[in-house]
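# Observations on the model geometry
The primary structure of each chain is shown beneath.
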Amino acid sequence: MAITVEKNVGGIEGLCVITPKVFGDDRGYFVETYNENDMKAEGLDYVFVQDNQSASKKGVLRGLHFQKQYSQDKLVRVISGEVYDVAVDLREVSKTFGQHYGILLSAENKKQFMIPKGFAHGFLVVSDFAEFCYKVTDFYHPNDEGGLMYNDPDIGVQWPIPEGMTEADLILSDKDKVNGSFKDYCKEHNI
């Protein structure tokens, strides 16, 4: 098998960190970034319908995003640079509802983060530049977007602010600047 899977990371059911086997020599390296058979053998049986890639500079924070009706499973990885990647459990019946897990993903460590449906997701670029790739199991629906404040105190993500920056220097999209609170999310869903 060409992968190692750490399941239920952070004590959160369904979150997995996947480490692919890297074959290196004096020419460079080869890595199988996705193999359906290996994933299924680990109990990770997903049908991905879309691949996405983004590029961002140091200090860009994207998130915390989710789709409301068309929830997606995501398999994320970094192909250049380094990001701190976070998933927040929004599954109402989950014992870990409202809890989060964060992991450093980089081109160097080649780790992948499997985030099942029902999570909000975001990442912060901590290197000078990063390219981020992810597979999803449903198509993007622009009118179905939801978001939570990246710095919501009830979620409590400890974002590793890049060296030489402060939280005020982080770069957010206009929509991420106005994401709602976790308390508002819970009220909206009668939780």
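Before going into details, it helps to say that this report is about the structure given with it.

## Description of the pattern of salt bridges
Oppositely charged side chains may form a pair once their charged atoms are brought near each other. Across all of its chains, the model carries eight salt bridges by this definition. K135 is paired through a salt bridge with D51; the nearest N and O atoms lie 3.2 Å apart. Taken together, the residues K135 in strand 12 (residues 129-136) and D51 in strand 5 (residues 50-57) connect sequence positions 84 residues apart. One connected set of salt bridges, linked through shared partners, spans E36, K40 and D45.

## Things to note about the sheet that holds strand 10 (residues 112-115)
Taken together, the six strands give an open sheet; going across it, the order is 1-2-10-7-12-5, and neighbouring strands pair in antiparallel fashion. This sheet does not close on itself; its edge strands, each paired only once, are strand 1 (3-7) and strand 5. When the angles between neighbouring strand axes are averaged without regard to direction, this sheet yields 20 degrees. The pairing of strand 2 (residues 16-20) with strand 10 spans three bridges and is classified as antiparallel.

## Concerning the side chain of D152
Tracing the chain through its elements places D152 in the loop between strand 13 (145-147) and helix 2 (174-177). We note that D152 is buried and unpaired, the nearest opposite charge coming from K183 at a distance of 7.5 Å. At 2.7 Å, the side chain of D152 and the backbone nitrogen of F182 are in polar contact. Those residues in contact with D152 that lie beyond four places of it in its chain are S181 and F182.

The rules behind the values
Residues numbered from 1 in each chain as written. Predicted model: local features only at pLDDT ≥ 70, side-chain atom pairs only at ≥ 80, totals over all residues. Heavy atoms only, no water. Salt bridge = Lys/Arg side-chain N within 4 Å of Asp/Glu carboxyl O. Helix = DSSP H or I, 4+ residues; strand = E, 2+ residues; numbered from the N terminus. Pairing = 2+ DSSP bridges. Axes fitted to C-alpha atoms, helices over the stretch in contact; angles between N-to-C directions. Buried < 20%, exposed > 50% of the residue type's maximum accessible area, 1.4 Å probe, protein only. Lys, Arg positive; Asp, Glu negative; His and termini not counted. Polar contact = N/O pair within 3.5 Å; in protein donor to acceptor, adjacent residues only side chain to side chain. Contact = heavy atoms within 4.5 Å.

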